[in-house]
Amino acid sequence: MLKVEHISGGYQQTPIIHDISFEVQKGEFLGILGPNGCGKSTLIKIISGIIKPSSGRVFIDGTPIEKLSKRQLAKKMTVLPQIQNNAFPATVRETVEIGRYPHQTGFFSSWSEEDEKAVIKAMELTDVLKYQDTNVEFLSGGERQRVFIAQALAQSSELLILDEPTNHLDIAHQKQILDMIRREVTEHGLTVVAVFHDINLASLYCDHLLLMEAGRMKAYGEPHEVIIEQQLMEVYEARISTQAHPEQPKPQMAILPDFEDEKKEKTVSLSNIQMGADYVAFIADFPLKVLSSAVHNAGLGWYRTFINRTVPPEYDIENVQTEFMQYIMNNGFSPTNTVGMMTAVDTKKAVMKEYPASFGSLIVIVTAGIGGAVDVSRAYQQTVFQPIGTINTWVIINGKLSDEAFVQGMMTATEAKSKALQTENVMDKWSNTIATGTPTDSLLVAATQHGKYMQYAGPITEVGKMIGKGVYEATVEAIRIYKREMEQ
Ligand SMILES: Nc1ncnc2c1ncn2[C@@H]1O[C@H](COP(=O)(O)OP(=O)(O)OP(=O)(O)O)[C@@H](O)[C@H]1O
C-alpha cells in the first residue's frame, strides 16, 4: 500500500531525515516512535507530499505520489497533523464535512447520500455526534481532537496518516479511538501510519513499529523487536524497564525514576510481627515487593502488610474475596496494601525464625496443618480432598531480588517444604506414600528491594541456601507442633 524508499530531506538547507525505507501493507498499522525533534513529523510531511524529499521516493499502490493530483492523493490518503488549536468558527458537523471535499466533483456537485453516511458514521465512531451542532471553539482539547479524527475518517481513504492521534485524550477516549482504528484496520483493511509518544499504546495497537533517532531508523519490526530495554534507554536517554502486558503479547515499559528516597534505611526483622486474636501479621512501615499465592492480593505487587488468618474448619463462604477484604478492614489494615492468607491452624502456633546472612537477613514464618497432606505425584488418583489442612509459608528477605530470584525463591522454598514433610514422615493417606504438601498451600516471598542485589535464589546462592534451611527448619517445627496438638 505505502512504500517509502531511501527518503532523505528536511527544510531548505537543513537535512532532517536520512535514508529511511519501509513498507506498510494494506490492513496494517505502523507506529512511529522517537524522541522530541528526531524528525517524526517531518517524515510524515514527506510521506504525505507536504514537503518534497531531497532524495528517495514515496509510492502509494505502486504510484509515486508526485504523479498523483491533489484530489487523487486526498482520496488515497488522509493526513491528520498534530492538533490544531486554531480551530475556526464552525460546528462539529461542518468541520467533519470538510473531510468529504475530495469526493465532491465539479463546481455544482451536490451532497450525496454517501457523503452524509460517511460523516454520520465518522461522528459516531469518534463519539462526537452529540456535539454535531456545537461550535468547535467551545469544545475541550480532547473533544476537538476527536472531531479532527472524525474529519479524517469521513474522508474514507484507504491510508490514514496520524500525528499523535491520542494527544489530549483521557484514557477512556485513547482506548476508544485506538480500539476503533484497530477494528477498521483488522476488519475493513484500513492502513494506518501514526506517530506516538506513548510507547505502551504504540506497542499495544500497532503491528509494526519504526523507532527513529536523529532522523534515522534505529529499529523497525514487531513491537517485541523494538520495545527492548537497552535500545529505548539509548534512544530516549532515560532509564526504563520492560515487562509483559497482562493480556496481550505486547511488551510494555515503565519509567525508572532517578530520585533519592527520603527513607534510606529500609530493613525488617521479627519485630515487625504482630499477633492478633486470630491472625499473625507482618507489618512494615514501607512496601516490600511480594510474589505470592494468597487469597487477597495474590501475584506480584508491593505491600506493607501480610496477614495469615485463622478461620474455623467449617469456613465455607461463597464470596471469599469480599469477606476477606471486609475482615482486613475490620482489623484496621488497608485492603490495597495487604496480602492475606488463611488457615485452619491457630496462628498463635506460627513458627517464626530469623537468619542473619551476609546480604542482610531472612525471616521465615510457617503455619502447618497437615490433616489433608497429599503426594502431588499421586494427586491425580485422588477424588476427595480433605478441606482442612494448609501449610502457609512466608519468606521475607532484607535484600534486592530480580524477578528471576523471586521465582527461584518460590521453587527453593517449595522444595524445602517437601523435604520437611519427608523428614517428618507425613503420609498421603489416600496413596500411602510420603506427602509433598497439602492441596491448598500458600507461599509468599517478599523482599525489601534495598541492600544487596541478588539475581538468583537457587540453592547455589547464599540466599537460596538460607531459604532452604529456614523453610525446612520452620516447617519441621510447625509440623511437630501440629502433631503434638493432634496427640492431645
Ligand atoms: N518548518 C521548519 N523549518 C525548519 N526546521 C524545522 C521545521 N519544522 C521542524 N523543524 C526542525 O526539524 C527537526 C525535526 O522536527 P520534527 O517536528 O519532525 O520532530 P518530531 O520528531 O516530530 O518532534 P516532536 O516529538 O517534538 O513532535 C527539529 O529540529 C525541528 O526544529
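Residues numbered from 1 in each chain as written. Predicted model: local features only at pLDDT ≥ 70, side-chain atom pairs only at ≥ 80, totals over all residues.

An unreviewed UniProt entry lists the protein under the name ATP-binding cassette domain-containing protein, from Ureibacillus terrenus.

Let us now look at helix H1 (residues 40-47). H1 sits mainly inside the fold: seven of its eight residues count as buried. Those residues of H1 lying buried are Lys40, Thr42, Leu43, Ile44, Lys45, Ile46 and Ile47. Remark: Gly49 follows H1 within two positions and exhibits a positive phi of approximately 80 degrees. (Buried ≥ 20, exposed ≤ 12 C-beta atoms within 10 Å, placed from the backbone. Helix = DSSP H or I, 4+ residues; strand = E, 2+ residues; numbered from the N terminus.)

For Ser156, which is not glycine, the phi torsion reads 50 degrees and is therefore positive. Mapped onto the secondary structure, Ser156 falls in the loop between helix H5 (141-154) and strand S7 (159-163). Since 20 C-beta atoms lie within 10 Å of it, Ser156 is described here as buried. One non-glycine residue, Ala214, lies in positive phi territory at about 45 degrees. Locating Ala214 in the fold gives a position in the loop between strand S9 (208-213) and strand S10 (216-221).

Angle between the axes and distance between the axes: these two values describe a pair of packed helices. At a closest axis distance of 8 Å, the pairing of helix H4 (residues 113-125) and H5 adopts a crossing angle of 140 degrees. Viewed along their axes, H4 and H5 adopt a mutual orientation that is oblique. Judged by the twist between their axes, the crossing of H4 over H5 is right-handed. Between H4, through Ala118, Val119, Ala122, Met123 and Leu125, and H5, the contact on the second element is made entirely by Ala150, Leu153 and Ala154. (Axes fitted to C-alpha atoms, helices over the stretch in contact; angles between N-to-C directions. Parallel < 35°, antiparallel > 145°, perpendicular 65-115°, else oblique. Left-handed = near helix turned anticlockwise from the far one by under 90°. Contact = placed C-beta atoms within 7 Å.)

Here we take up the domain arrangement of the protein. Interface size, as often reported, equals the accessible area lost upon joining of the parts. Segmentation of the protein into domains returns domain 1 (2-255) and domain 2 (270-487). Computed from C-alpha atoms alone, the centre-to-centre distance between domain 1 and domain 2 is 51 Å. (Domains from an automatic or database assignment.)

In spatial order, the strands read S6-S7-S8-S3-S9-S10; together these six strands make up an open sheet with mixed pairing. Of all the strands in the sheet, the pair left with one neighbour each is strand S6 (77-80) and S10. Recorded for the sheet is a direction-independent mean angle of 15 degrees between the axes of neighbouring strands. Pairing between S9 and S10: five bridges, direction antiparallel. Opposite Glu213, over in S10, you have Arg216 as the bridge partner. (Pairing = 2+ DSSP bridges.)

What follows covers H5. For H5, which comprises 14 residues, the first-to-last C-alpha distance of 20 Å matches the rise-based estimate of 20 Å (1.5 Å per residue) to within 8%. Counting buried residues in H5 gives 12 out of 14 residues, a clear majority hidden from the surface. Those residues of H5 that fall on the buried side of the exposure criterion are Glu143, Arg144, Gln145, Arg146, Val147, Phe148, Ile149, Ala150, Gln151, Ala152, Leu153 and Ala154. Check the buried side of H5 and you find it contacts S6, helix H3 (92-97), H4, S7 and helix H6 (171-188). Downstream of H5 by a residue or two, Ser156 has a phi angle that is positive, lying close to 50 degrees. (Expected span 1.5 Å × (residues − 1).)

In the neighbourhood of the ligand, the contacting residues comprise Tyr11, Thr14, Ile16, Gly34, Asn36, Gly37, Cys38, Gly39, Lys40, Ser41 and Thr42. Counting only elements with at least two residues in the shell around the ligand, the list comes to strand S2 (14-24) and H1. At three residues, H1 tops the list of elements feeding residues into the shell around the ligand. For the shell around the ligand, a count of residues per class yields three nonpolar, seven polar and one charged. (Near = placed C-beta within 6 Å. Nonpolar A, V, L, I, M, F, W, Y, C, P; charged D, E, K, R; others polar.)

In this section: the pairing of S9. Judged by how many residues are buried, S9 sits mostly within the fold: five of six residues are covered. Taken together, the four bridges between strand S3 (residues 29-33) and S9 define a ladder with parallel strand orientation. Looking at the pairing, Gly31 lines up with Leu209 of S9. Hairpin connection between S9 and S10: a loop of two residues separates the two successive antiparallel strands, and Ala214 in this loop has a positive phi of roughly 45 degrees.

Take the nonpolar core next. Formed by 66 residues in total, the largest nonpolar core has its most connected members in Ile32, Ala122, Ala150, Ile161, Val192 and Val193. In terms of residues, this core owes the most to one element, H5, which gives seven residues. The residues touching Ala122, leaving out its near neighbours within four places in the chain, are Val96, Gly99, Ala150, Leu153 and Ala154. Counting residues in each nonpolar core, the second largest holds 61 residues, with Phe306, Met341, Ile363 and Ile479 among its members. (Core = buried A, V, L, I, M, F, W, Y, C linked by C-beta atoms within 7 Å.)

So, on to the packing of helix H11 (residues 403-423) against helix H12 (residues 462-487). It is the contact of H11 with H12, at a shortest axis distance of 8 Å, that shows an interaxial angle of 35 degrees. Our pair here, H11 against H12, has a crossing hand that is right-handed. Residues Gln408, Gly409, Thr412, Ala413, Ala416, Lys417, Lys419, Ala420 and Thr423 of H11 form the contact with H12, whose participating residues are Gly464, Ile467, Gly468, Val471, Tyr472, Thr475, Val476 and Ile479. Classifying every residue of the contact of H11 with H12 gives eight nonpolar, seven polar and two charged.

Moving on: the sheet that holds strand S1 (residues 2-11). Pairing is antiparallel across the open sheet formed by four strands, whose spatial order is S2-S1-S4-S5. Each edge of the open sheet is held by one strand with a lone partner, namely S2 and strand S5 (63-64). As judged from the two bridges shared by strand S4 (residues 55-60) and S5, these two strands associate in the antiparallel manner. Its bridge partner being in S5, Phe59 is matched across the sheet by Pro64. Against the sheet, H1 touches S1, S2 and S4, its axis set at about 65 degrees to S2.

As a further point, take the environment of Val476. Mapped onto the secondary structure, Val476 falls in helix H12. The spacing of Val476 and Val351 is 125 residues in sequence and 9.6 Å in space, taken between C-alpha atoms. Ignoring anything within four residues of it in the chain, the contact list for Val476 reads Ala420, Thr423 and Glu424.

Turning next to the confidence of the model for the protein. Confidence in the prediction of the protein, expressed as mean pLDDT, is 92, and 96% of residues score 70 or more. Overall fold confidence (pTM) sits at 0.84, and the ipTM for the predicted complex is 0.97. (pLDDT = per-residue confidence, 0-100.)

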